[in-house]
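Architecture and fold: a report
Read off the chains here:
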Amino acid sequence: EVQLVESGGGLVQPGGSLRLSCTASGLTLNNYWMNWVRQAPGKGLEWVANTRPDGSDEYYVDSVKGRFTVSRDNAKNSFFLQMNSLRVEDTAVYFCLTSRGYWGQGTQVTVSS
Amino acid sequence: QAVVTQEPSLTVSPGRTVTLTCGSSTGPVTSRHYSYWFQQKPGQVPRTLFYDTSYRQSWTPARFSTSLLGGKAALTLSGAQPEDEAEYYCLLAYGGLGVFGGGTKLTVL
């Protein structure tokens with residue numbers, strides 16, 4: 001059974017940092033592009049960032065460029081999102097999503113003073 | 001950045017057919033956009049119905065199908081069931097970048 005488990009979410013003040021992790025079982029992540037997707041309360045889905053299977057390229061939505069960084073550790077079958085300089089508008093549930101269409105269960109990130 | 005457009009809402013009667021579309025502000029949607037279709041019910045994690053334009057997930061009912069139609073990606077539901085009432089999102093790839101549509105709230109009534 002394929003399972004993706006995110007972790008690392010929480011409550012952080014504006015300007016703070018968090019590192020999200022997505023760890024897979026039942027599939028090998030190095031075969032797939034890996035994406036982070038978020039959903040703010042009551043809103044639609046927003047694509048945030050991704051990286052190629054080998055980690056050679058990274059892409060970001062304009063609103064997080066320069067603040068968020070994706071990375072992956074294929075040896076650990078894991079994928080990460082380092083989030084710095086967090087803003088209130090980054091508050092959302094963050095999901096990892098493979099290019100094959102598998103989703104994690106999401107982790108809540110709340111940015112508030 | 002590109003804008004991806006979907007119908008904000010659609011209503012279909014049980015047993016009838018409805019088509020949801022996904023358009024791109026940059027021009028026709030093609031196979032190079034590797035389109036995805038997702039279904040999300042309230043309080044649930046989205047689930048993927050189709051990926052890479054036409055690949056069906058194992059759990060996707062046969063009454064759902066995809067196509068590229070009139071310059072848009074299309075999701076057709078043939079024989080709507082009450083359990084198909086949900087929000088549907090498409091995702092298009094632009095090189096490495098991804099852009100979601102705003103979602104279509106499908107009501108089965």
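Report on the accompanying structure. (Residues numbered from 1 in each chain as written. Chains lettered and ligands numbered in written order. Predicted model: local features only at pLDDT ≥ 70, side-chain atom pairs only at ≥ 80, totals over all residues. Heavy atoms only, no water.)

1. Side note on the packing of aromatic side chains
- Counted according to the given criterion, the structure contains nine aromatic pairs over all chains.
- Centroid distance Y51 of chain B to Y55 of chain B: 5.4 Å. Interplanar angle 20 degrees. Geometry classified as stacked.
- Grouped by ring-pair contacts, the aromatic residues F95 and W103 of chain A together with Y36, F38 and F100 of chain B constitute a single cluster.
- Above the plane of the ring of F80 of chain A lies R19 of chain A, whose end atom (NZ or CZ) is 4.0 Å from the centre. (Phe/Tyr/Trp six-rings, centres within 6.5 Å; stacked < 30°, edge-to-face > 60°. Lys NZ or Arg CZ within 6 Å of the ring centre and 35° of its normal.)

2. Examining the layout of surface pockets
- Taken as a whole, the largest pocket spans an internal volume of roughly 290 Å³.
- In terms of residues, the lining of the largest pocket owes the most to one element, strand 9 (residues 86-94) of chain B, which gives three residues.
- Looking at the lining of the largest pocket residue by residue, the classes come out as ten nonpolar, seven polar and two charged.
- Roughly 220 Å³ of volume is contained in the second largest pocket.
- Around the second largest pocket, the lining comprises 13 residues; the ones closest to its centre are Y102, W103 and G104 of chain A together with V45 and P46 of chain B. (1 Å grid on protein atoms, 1.4 Å probe; cavity = no way out; pocket = protein on both sides within 12 Å on 5 of 7 lines; lining within 4 Å. Points joined across faces, edges and corners; volume = space filled by probe spheres on them. Helix = DSSP H or I, 4+ residues; strand = E, 2+ residues; numbered from the N terminus. Nonpolar A, V, L, I, M, F, W, Y, C, P; charged D, E, K, R; others polar.)

3. Focus on the interface of chain A and chain B
- Listed as interface residues are 22 residues of chain A and, on the opposing side, 18 residues of chain B.
- Together, the buried faces of chain A and chain B total about 1500 Å²; carbon and sulfur atoms form 61% of this surface.
- When the area that chain A buries against chain B is broken down by residue, the three leading residues are L45, W47 and W103 of chain A, summing to 36%.
- For the interface between chain A and chain B, the tally reads seven residue pairs in polar contact (both at pLDDT 80 or more).
- Those elements that place two or more of their residues in the side of chain A that touches chain B are strand 4 (34-39), strand 5 (45-51), strand 6 (58-60) and strand 9 (92-98) of chain A.
- With four residues, the top contributor of residues to the side of chain A that touches chain B is strand 5 of chain A.
- For the side of chain A that touches chain B, the per-class residue count stands at eleven nonpolar, seven polar and four charged. (Contact = heavy atoms within 4.5 Å. Buried area = accessible area lost by both parts, 1.4 Å probe. Polar contact = N/O pair within 3.5 Å; in protein donor to acceptor, adjacent residues only side chain to side chain.)

4. Description of the environment of L97 of chain B
- You can see L97 of chain B is positioned in strand 10 (residues 97-100).
- Not counting residues within four places of it along the chain, the set of residues in contact with L97 of chain B comprises W47, Y59 and Y60 of chain A together with Q1 and L92 of chain B.

5. Thoughts on the sheet that holds strand 4 of chain A
Residues and elements named next belong to chain A.
- A sheet is described by the order of its strands in space; here six strands give the open sequence 2-10-9-4-5-6, paired in mixed fashion. Single-partner strands in this sheet number two, and they are strand 2 (10-12) and strand 6. Sheet twist, expressed as the mean angle between neighbouring strand axes with direction ignored, is 25 degrees.
- Across three bridges, strand 2 lies against strand 10 (residues 107-111) in parallel orientation. Of the residues in strand 10, the one forming a bridge with L11 is T110. (Pairing = 2+ DSSP bridges. Axes fitted to C-alpha atoms, helices over the stretch in contact; angles between N-to-C directions.)

6. As for the environment of S54 of chain B
All names here are of chain B.
- Tracing the backbone shows S54 in the loop between strand 5 (47-51) and strand 6 (55-56).
- Under the relative-accessibility criterion, S54 is labelled partly exposed at 46%.
- Along the backbone, S54 and T66 are twelve residues apart, and their C-alpha atoms lie at a distance of 6.0 Å. (Buried < 20%, exposed > 50% of the residue type's maximum accessible area, 1.4 Å probe, protein only.)

7. Overview of the pattern of salt bridges
All names here are of chain A.
- Taken as a whole and judged by the stated rule, the model has seven salt bridges over all chains.
- Here D62 and K65 are joined by a salt bridge, their closest N and O atoms 3.1 Å apart.
- D62 sits in the partly exposed class, given a relative accessible area of 48%.
- For K65, a relative accessible area of 48% translates into the label partly exposed. (Salt bridge = Lys/Arg side-chain N within 4 Å of Asp/Glu carboxyl O.)

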